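A structural walkthrough
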Amino acid sequence: MTTTPAEAGGPEAAPSLPPSRPVEAGHAVDRTRPRMEIRNRQTAGLTFRADQWAAKKAGARATATVRAWGYAELDEPDLDTAVRRLVQAAVADGGKRISVHLADQDQRILAVALSHVGDAAPGEDAVLTEIAALRTVVSCGSDLAPDGRRVWALLDAAPRAPRERPSPPAAGADADR
């Protein structure tokens, strides 16, 4: 290791670093993490231990969270099932914890499960096929990121128009033929 005298710009002459940047072995380390910023919508982050009960807990808490947001017409069984399947896929990656992130926008609910396993392998498509088959799921997918695999589903929470029932034949309609 070499040192530089203060008059030549060594450590004694270096300006002090702001307190937000820690110093390790004489070098400034920037520990700020890129963070997602969401505005003008409701969000929630839920964290669970990655165990056999995580899916049931996550489904129930996600449903309760979204219910509190005031989506009276939301198909809660679809949301519960989607979140459970997302969490089961994240738990299968083998990490110690998983997180579920929820957000709403334009009468839709986004549910994302993150495995927090940096070297996770791409998941199987069977999970996405099951999730896509749910009535209110608009879209779903999976991708890999440095912080783990993300599995997500977008659900429609808008009130459904009542189904039109075929009107019964008018009385005597068959007699006219």
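Quantities reported herein were computed from a predicted structural model and do not represent experimental measurements.

Now for the overall build of the protein chain. Within the protein chain, the regular secondary structure consists of 3 helices and 7 strands. In sequence order, the protein chain lays out its α and β elements as β-β-β-α-α-β-β-α-β-β. Out of the 177 residues belonging to the protein chain, those deemed buried represent 32%. Long-range contacts, defined as pairs at least 24 residues apart, comprise 60% of the intrachain contacts of the protein chain with a sequence gap of at least 6.

The next subject is the nonpolar core. Among the nonpolar cores identified, the biggest contains 33 residues, and Val66, Val83, Val87, Val100, Leu102 and Ile109 are the most heavily contacted of them. A per-element tally of this core places helix α2 (residues 76-91) first, with 7 residues. Excluding anything up to four places from it in sequence, valine 87 contacts Ala54, Ala55, Ala58, Ile98, Val100 and Ala113.

Attention shifts here to the packing of helix α1 (residues 54-68) against α2. Following both chains from N to C, one finds α1 and α2 inclined at 140 degrees, their axes separated by 8 Å at the closest point. In terms of orientation, α1 and α2 fall into the oblique class. Our pair here, α1 against α2, has a crossing hand that is right-handed. In this structure, α1 uses Ala54, Ala55, Lys56, Ala58, Gly59, Ala60, Ala62, Thr63, Val66 and Arg67 to contact α2, whose residues at the interface are Glu76, Leu79, Asp80, Val83, Arg84, Val87, Gln88 and Val91. Each residue belonging to the contact of α1 with α2 can be placed in one class, and the counts come to 10 nonpolar, 3 polar and 5 charged.

With that out of the way, let us pick up the pattern of salt bridges. If you walk through the whole model with that rule in mind, you get 7 salt bridges. Aspartate 75 is the partner of arginine 135 in a salt bridge, and the nearest nitrogen-oxygen pair spans 2.7 Å. Residue arginine 135 is located in the loop between α3 (125-132) and β6 (137-145), and its partner aspartate 75 is located in the loop between α1 and α2; the two are separated by 60 residues in the primary sequence. Of the charged contacts, one joins arginine 149 and aspartate 93 as a salt bridge, the two residues approaching to 3.1 Å between their closest N and O atoms. Within this pair, whereas arginine 149 is found in strand β7 (residues 148-156), its partner aspartate 93 is found in the loop between α2 and β4 (97-105), the two being separated by 56 residues in sequence.

Looking now at the confidence of the model for the protein chain. Here the protein chain averages 76 in pLDDT, while 65% of its residues score no lower than 70. Low confidence marks residues 1-24, where pLDDT is under 50. Its contacts with residues over four positions away, or in another chain, come to 18 contacts.

Along the chain, arginine 85 falls in helix α2. Within the structure, the side chain of arginine 85 is placed 2.7 Å from the side chain of glutamate 130, a separation counted as a polar contact.

So, how was this worked out
Residues numbered from 1 in each chain as written. Predicted model: local features only at pLDDT ≥ 70, side-chain atom pairs only at ≥ 80, totals over all residues. Heavy atoms only, no water. Helix = DSSP H or I, 4+ residues; strand = E, 2+ residues; numbered from the N terminus. Buried < 20%, exposed > 50% of the residue type's maximum accessible area, 1.4 Å probe, protein only. Contact = heavy atoms within 4.5 Å. Core = buried A, V, L, I, M, F, W, Y, C linked by side-chain atoms within 4.5 Å. Axes fitted to C-alpha atoms, helices over the stretch in contact; angles between N-to-C directions. Parallel < 35°, antiparallel > 145°, perpendicular 65-115°, else oblique. Left-handed = near helix turned anticlockwise from the far one by under 90°. Nonpolar A, V, L, I, M, F, W, Y, C, P; charged D, E, K, R; others polar. Salt bridge = Lys/Arg side-chain N within 4 Å of Asp/Glu carboxyl O. pLDDT = per-residue confidence, 0-100. Polar contact = N/O pair within 3.5 Å; in protein donor to acceptor, adjacent residues only side chain to side chain.

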